[in-house]
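Structural description and commentary
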Amino acid sequence: EMSSREIQQRILAAETSTNISAIRGGHVSVDQFEVLKRKAGEVSSAPIYISDDANQTIMDIVSRAKIEVRKNDVRLIVVDYFITPANVNVSRQEQVAQMTRQLKILAKDLNVPIVLVAQLNRNSENRDGGTPRASDLRESGAIEQDADIILLIDRPDAKDPDHQRAGEADIIVAKNRGGATGVHTIAHQLHYSRFREFPQNM
């Protein structure tokens, strides 16, 4: 859903602690610009490969992933589940099921972890204080079944800006095929497009 330029802007914001709105609007100081310029050079030369073709099907992604792993020794693949369906004659649920099966097979074949970024159903916000769970994943059946690990993000201040835990985010490990489930609390810095661990007590 984002262009490669937008993704690169988010990376720069996170890496330089620069407000993403300032980067988008071009409202940065001379010093900030120099920092961004240096970091942009580092990011452009980093082994990060972004494909923002909105018309890609799952088979296009599989083919590209195999090439990048073989050619560039890619160690992690991140996929937005909003993918152009290869078969428009089946339901969205079946389309997602076909996609997750292909990605599961691909991860095993390449021995590379694949992160699938998915959305939640809107009605999840109106239940149990809005705390998400695995069944809230949109078209969730196949995702729940095929995923080895399911991580859900819950921000108390997303529902109440004045919440006493404003600035915090709970990473909910809703499924973990090889380990424990639970909740891990971190800080969110969305103006920098990033999440951070809290400083450890000395």
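Whether parallel or antiparallel, the strands of a sheet pair through hydrogen bonds between backbone atoms. Taking strand neighbours across the sheet as the criterion, the four strands line up as 3-4-5-6 in an open arrangement whose pairing is antiparallel. Where the open sheet ends on each side, the last strands, each with one partner, are strand 3 (149-154) and strand 6 (194-196). Each adjacent strand pair in this sheet contributes to an overall mean axis angle of 40°, direction not counted.

Let's shift gears to the environment of Asp-53. Mapped onto the fold, Asp-53 is located in the loop between helix 3 (30-45) and helix 4 (58-72). Looking at Asp-53, the relative accessible area reads 43%, which means it is partly exposed. When the C-alpha atoms of Asp-53 and Val-28 are compared, they prove to be 30 Å apart, with 25 residues separating the residues in sequence. In terms of polar contacts, Asp-53 uses its side chain to reach the backbone amide nitrogen of Asn-55, at 2.9 Å.

Moving on, we come to the side chain of Thr-57. Here Thr-57 shows up in the loop between helix 3 and helix 4. Judged by relative accessible area, Thr-57 falls into the buried class, the value being 18%. When neighbours within four sequence positions are excluded, Thr-57 is seen to be in contact with Ile-83, Thr-84, Pro-85 and Ala-86.

A separate point is unusual backbone geometry. In this structure, Asn-111 is a non-glycine residue whose phi angle is positive, near 55°. Looking at the secondary structure, you find Asn-111 in the loop between helix 5 (92-110) and strand 2 (114-117). For Ser-193, which is not a glycine, the phi torsion comes out positive at approximately 60°. Mapped onto the secondary structure, Ser-193 falls in the loop between strand 5 (182-189) and strand 6. Overall, the relative accessible area of 22% leaves Ser-193 in the partly exposed class.

To continue, consider the nonpolar core. Counting 23 residues, the largest nonpolar core has Ile-77, Met-99 and Leu-110 as its most contacted members. Those elements that place two or more of their residues in this core are helix 4, strand 1 (77-80), helix 5 and strand 3. If sequence neighbours within four positions are ignored, Leu-110 has contacts with Ala-65, Lys-66, Val-69 and Ile-77.

Let us look at helix 3. Between its terminal C-alpha atoms helix 3 stretches 23 Å, which fits the 22 Å expected from 16 residues at 1.5 Å a residue. In this structure, the buried residues of helix 3 make contact with helix 1 (4-16) and helix 2 (20-25).

What follows concerns the pairing of strand 4 (residues 168-176). Where strand 3 lies against strand 4, six bridges are found, and the strand directions are antiparallel. Each bridged residue has a counterpart across the sheet, and for Asp-154 the counterpart in strand 4 is Asp-170. Inspection of the sheet shows strand 4 paired to strand 5 by six bridges, in the antiparallel sense. By the bridge assignment, Ala-169 is partnered in strand 5 with Ile-186. In sequence, strand 4 turns back onto strand 5 through a hairpin of five residues.

Going through the model one piece at a time under the given rule, you end up with 11 salt bridges. For the salt bridge of Lys-39 with Glu-42, the shortest nitrogen-to-oxygen distance reads 2.9 Å. Of this pair, Lys-39 and Glu-42 both sit in helix 3, three residues apart, which is roughly one turn of the helix. Overall, the relative accessible area of 18% leaves Lys-39 in the buried class. Between Asp-73 and Arg-75 there is a salt bridge whose closest N-O contact spans 2.7 Å. Judged by relative accessible area, which is 44%, Asp-73 ranks as partly exposed. Connected through salt bridges with shared partners, the residues Glu-15, Lys-39 and Glu-42 form a single ionic network.

Reading the values: rules and limits
Residues numbered from 1 in each chain as written. Predicted model: local features only at pLDDT ≥ 70, side-chain atom pairs only at ≥ 80, totals over all residues. Heavy atoms only, no water. Pairing = 2+ DSSP bridges. Helix = DSSP H or I, 4+ residues; strand = E, 2+ residues; numbered from the N terminus. Axes fitted to C-alpha atoms, helices over the stretch in contact; angles between N-to-C directions. Buried < 20%, exposed > 50% of the residue type's maximum accessible area, 1.4 Å probe, protein only. Polar contact = N/O pair within 3.5 Å; in protein donor to acceptor, adjacent residues only side chain to side chain. Contact = heavy atoms within 4.5 Å. Core = buried A, V, L, I, M, F, W, Y, C linked by side-chain atoms within 4.5 Å. Expected span 1.5 Å × (residues − 1). Salt bridge = Lys/Arg side-chain N within 4 Å of Asp/Glu carboxyl O.

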